[in-house]
Amino acid sequence: MSDAASLVPHRVYAALAAVAVLALVGLASVWSVRPPAAHEASESAFSADRAFATVKSMATEPHPVGSAAQDRVRDYLVSTLRGLGLSPEVQDTVSIEGGELSSSAGGAGLAHVRNVVTVIPGTASTGRIFLVAHTDSVQVGPGGNDDAAGTAAVIETARALLKSPRLRNDVVLVLTDGEEACLCGAKAFVDQHPLAKNGGIALNLEARGSTGPAIMFETAKDNRALIDVYAHAPKPVGTSFAVEIYRLLPNDTDFTAFREAGFTGLNAAYIDGAAVYHAPTDLPSAMNLDSLQHHGDNALAVTRELGDRDLSKLAAKDDATYFPAPGLLVRYPGELVWPLAILALIAVLVLGGLARRRGLTTGRRLAVGAVVTLLPIIVAPVLGQAFWTVLKLIRPEYAAMPIDPYRPGWYRLAVLALTAAVVFGWYAWFHRSRRVGPAALAIAGLGWLAVLGVALAAFMPGGSYLGALPALAGASAAIVALLVPHRQRGQNRRNGRWWRVPAITAGAAVAVIVLLPAVVMLFPALGMPMAGAGAFLAVLLGLALLPVIEMIHPAPGGQRGLDALRARRRGAAPTLVALLAVVVCTAAGLSADRFDARHPALTHLMYALDADTGTAQWLSEEPVVQKWTSQYVSGGPHEVNATLPAFGPEELRTGKAEAAALPAPKLTLESDTRSGDTRVLKLRLQPQRPVRLTSLHVQAGVTVTEATVEGRPVKPAPPIKDDPWGFGFVFHGPPAAGVEVTLTVKATGPVKFRAMDGSDGLTALPGFHARPTGVGIVGSHSSELLAVAKTYTL
């Protein structure tokens, strides 16, 4: 363990050897989560170049659900699939699901969707494999990555399968519509399509950025058997910790609809380069073809592996723990999570007792060490968050970046350097302290890792390995380092001390393999606004490496006068180097990540016209008002649901706007059947201009007992406290003839309704000034929304 290093001859050479080995292990670990290079491929293999042709054809313009551009995309996909010799069908239907805009209003989201579905029949199918991707984009971006990449990967995978011997099992291609609006296409397929009747295995392909590895970030429950299949992919990248985190988040993809319908399966996406997410800059030219290659290689390999198995026997009763390592996906059954966590804790306790017996530390020192080791665990994440706050002060435009800057690499390195400075500085201060010492610090570091492993085993089992495995490996290595030379005599004992270096290095290498890929994947997953999370994982790695860090510090004790001063200076050197790296990386980041026409500063703006009063207002959801947006909105955010119930309790910044001559949506009462205190109202909600969505809300206090929208039953949601409006829905891609609505309400008198519709584009509005070069549109489902609302009493 840490003090053992001071007994090894040629301490400096031992330290250099350990650091060199760990550096190589670190490089291999980082490589394990990098996408493979795009390459030429045979007819039966996946080719990113061939798939990219589909991306370029799809992502020429924004194509949200219901738009003419989406019709063109669908026609292109149908023609392409027919060219492969398949027989695609278009599932044309209305579906309901909770979407981002509608769910915020406490209502329901619906859409008229047109999914493209086709089957590659198997020779003797034991079940179905569903390759899923969505074909629509958001209203302001062309969707080059999200999700033309997924759709292109599905089509190229199908082409490669058709050039190979037929699989045993059916493969169903499900290219959905309306994902961005409300997940309605996927919901329509699992609820209404006959091919979905018996369930199956869904492989969903997504993208939330423009680069990085294709990470398998979500699974259905009891995933152990599927993880064994996924491990056969050419380069499997995924971690059970990511699955645990995603299960806690409110985010959804098409995979949600399949999972909730009882399908099992895997959900994969590349997520780095997220500044283009949902934005106009999500162009084909922004895509890293290596990421597309990785997406396709893994999808094709997993489909083939599943395609020749007996799917009726592919089942498990627990989740696997898994994580990437150089050359493989490490995995073990969920039933081992608790034994490993407890074993790690026991190993640390045994190490502490052994160190006391050897006179390397005392119980009091271990107790103090446990307390002071909390300092870097707390301080580094706090400083990581503070670092992002400082960056936003230097460059206020970063406040509008939803996930990451365009080029976050240098900033991530700065956070890691800042974390290293905290760990080095803390260790340099306390390892020479007589009240603590290096042995107590090293054991305490492993102890907190073991405690984390136990805590995660209880609450997030798939993440327990992050603490348990480094603690178990580090403690076991330290025990070996202490026992081997102790059981030898004379020259053999002196030679035995050399075993301490490889033992300690091996324990540290396990920590690098386990934790470094998690750090690399966590930064793009959560983005710089959550830099503290990356710093936290980096601290855990630093604690696991304390025995090696001790090797590069002067041995404590024995120095006086000038020698002591020199030792302190040498001990401070790693901290100073790390601090210098923080400054250099920050400066490099600020220099590299500048805003320009291809990488614009992001802004958010909407316009709403109240047809009742003839007044209008600008609206923005920016957390900090940007310079360009400040000419339209000001003041603090506040709720606008009194006049715009489709936005629910969301708080927006507002500003007065000139009223435009725009027609409001028309609400017509087609029939009114009364029985006692009940009215059955048949309504038609019809936009009077080309729109992307329309909504209808009923006044608060009026109970809606039954509702159907375009023939689909809609379950009324419980009322939201203090909301001026009750039951409501948002319909995406409404037909020109309008939306037919039937409501059964408890009311005898007049009922008030609020109708709204929304189109996209603000450039023709009075008072709007075009964005200058270097200023762009943020990726949001409400960016550039032009809403018109009107109240009706029927």
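For the structure itself, consult the block above.
Only a predicted model underlies this, so the values are computations on that prediction, with no experimental measurement involved.

Our next topic: the overall build of the protein chain. Each helix and strand in the protein chain was counted, giving 22 helices and 24 strands. Since a compact globule built from 794 residues should have a radius of gyration of about 28 Å, the 30 Å found for the protein chain is in line with a globular shape. Judged by the C-alpha coordinates and their principal axes, the protein chain covers about 100 × 65 × 55 Å. Looking at the 794 residues of the protein chain, the share that counts as buried comes to 58%. In the protein chain, once contacts between residues fewer than 6 apart in sequence are set aside, the share between residues at least 24 apart is 81%. A total accessible area of about 31000 Å² is found for the protein chain, and carbon and sulfur atoms account for 59% of it. Where the 69 positive side-chain charges of the protein chain centre and where its 63 negative ones centre are 14 Å apart.

Turning our attention to the pattern of salt bridges. Scanning the model with the defined rule gives 27 salt bridges in all. Between Glu-218 and Arg-259 there is a salt bridge, and its shortest N-O distance comes to 3.2 Å. Remark: Arg-259 occurs in helix 10 (residues 254–260) and Glu-218 occurs in strand 6 (residues 215–219); sequence separation between them is 41 residues. On the basis of relative accessible area, Glu-218 is assigned to the buried category, the value being 3%. Residue Arg-259 is classed as partly exposed on the basis of its relative accessible area of 30%. For Arg-247, the salt bridge goes to Asp-319, with nearest N and O atoms at 3.1 Å. On the criterion of sequence distance, the pair formed by Arg-247 in helix 9 (residues 240–248) and Asp-319 in the loop between helix 11 (289–307) and strand 8 (320–325) is long-range, its members being 72 residues apart. You can call Arg-247 partly exposed: its relative accessible area is 33%. Linked through salt bridges whose partners overlap, the residues forming this network are Glu-43, Arg-50, Glu-156 and Arg-159.

A word on the environment of Ile-513. When you line up the elements, Ile-513 lands in helix 19 (residues 500–526). When its relative accessible area of 24% is taken as the criterion, Ile-513 is described as partly exposed. For Ile-513 and Gly-26, which are 487 residues apart along the polypeptide, the C-alpha to C-alpha distance reads 7.0 Å. Every residue in contact with Ile-513, bar those within four places of it in the chain, is listed here: Val-25, Ser-29, Pro-324, Ala-325 and Pro-326.

This paragraph deals with unusual backbone geometry. With an omega of 5°, the peptide bond between Asp-146 and Asp-147 qualifies as cis. Note that Asp-147 resides in the loop between strand 3 (128–134) and helix 5 (148–162). The residue Glu-710 is not glycine, and still its phi comes out positive at about 50°. Along the chain, the position of Glu-710 falls in the loop between strand 18 (703–709) and strand 19 (712–713). Phi at Glu-784 is positive, roughly 65°, even though this residue is not glycine.

What follows deals with helix 1 (residues 11–31). The end-to-end C-alpha separation of helix 1 is 30 Å, in line with the 30 Å expected for 21 residues at 1.5 Å each. Those residues of helix 1 not exposed but buried are Arg-11, Ala-14, Ala-15, Ala-18, Leu-22, Val-25, Gly-26 and Ser-29. Down the axis of helix 1, the smallest arc covering the buried residues is 105°, so these residues share one side. Exposed residues lying more than 90 degrees from the buried face of helix 1 are Val-12, Tyr-13, Leu-16, Leu-24, Leu-27 and Trp-31. The inward-facing, buried residues of helix 1 abut helix 19 and helix 21 (546–551).

Moving on to the packing of aromatic side chains. Applying the stated criterion to the full structure yields 19 aromatic pairs. Each ring, one from Phe-130 and one from Phe-263, has its centre 5.3 Å from the other, and the planes form 75°; the classification is edge-to-face. Of this pair, Phe-130 sits in strand 3 while Phe-263 sits in the loop between helix 10 and strand 7 (264–270); the two residues are 133 residues apart in sequence, bridging distant segments of the chain. Exposure remark for Phe-130: the relative accessible area of 0% places this residue in the buried category. Ring centres of Tyr-398 and Phe-595 lie 6.0 Å apart, and the angle between their planes is 65°; on these two criteria the pair is classed as edge-to-face. Highlighted residues: Tyr-398 in the loop between helix 14 (374–394) and helix 15 (409–430) and Phe-595 in the loop between helix 22 (561–592) and strand 10 (601–603), separated in sequence by 197 residues. An aromatic cluster is defined as three or more aromatic residues linked by ring pairs; in this entry it consists of Phe-387, Trp-388, Tyr-398, Tyr-406, Tyr-411 and Phe-595. The ring of Trp-31 is capped by Lys-235, whose NZ or CZ atom sits 3.9 Å from the centre of that ring. Its guanidinium or amino end placed over the ring of Tyr-792, Lys-790 lies 5.5 Å from that ring's centre, counting from NZ or CZ.

For the pair Arg-247 and Ala-220, spaced 27 residues apart in sequence, the C-alpha to C-alpha distance is 9.9 Å. If sequence neighbours within four positions are ignored, Arg-247 has contacts with Thr-219, Ala-220, Lys-221, Asn-223 and Asp-319.

Below, the discussion takes up the packing of helix 14 against helix 20 (residues 531–544). It is the contact of helix 14 with helix 20, at a shortest axis distance of 7 Å, that shows an interaxial angle of 145°. At the point where helix 14 passes helix 20, the crossing takes the right-handed sense. Touching Pro-376, Ile-377, Ala-380, Pro-381, Gly-384 and Gln-385 of helix 14 are Ala-531, Gly-532, Ala-533, Ala-535, Phe-536, Val-539 and Leu-543, all from helix 20. Each residue belonging to the contact of helix 14 with helix 20 can be placed in one class, and the counts come to 10 nonpolar, three polar and no charged.

Conventions and cut-offs
- Residues numbered from 1 in each chain as written.
- Predicted model: local features only at pLDDT ≥ 70, side-chain atom pairs only at ≥ 80, totals over all residues.
- Heavy atoms only, no water.
- Helix = DSSP H or I, 4+ residues; strand = E, 2+ residues; numbered from the N terminus.
- Rg over C-alpha atoms; globule rule 2.2 N^0.38 Å.
- Buried < 20%, exposed > 50% of the residue type's maximum accessible area, 1.4 Å probe, protein only.
- Contact = heavy atoms within 4.5 Å.
- Areas by Shrake-Rupley, 256 points an atom, 1.4 Å probe, with all protein chains shown as cover.
- Lys, Arg positive; Asp, Glu negative; His and termini not counted.
- Charge placed at Lys NZ, Arg CZ, Asp CG, Glu CD.
- Salt bridge = Lys/Arg side-chain N within 4 Å of Asp/Glu carboxyl O.
- Expected span 1.5 Å × (residues − 1).
- Arc of directions from axis to C-beta.
- Phe/Tyr/Trp six-rings, centres within 6.5 Å; stacked < 30°, edge-to-face > 60°.
- Lys NZ or Arg CZ within 6 Å of the ring centre and 35° of its normal.
- Axes fitted to C-alpha atoms, helices over the stretch in contact; angles between N-to-C directions.
- Left-handed = near helix turned anticlockwise from the far one by under 90°.
- Nonpolar A, V, L, I, M, F, W, Y, C, P; charged D, E, K, R; others polar.

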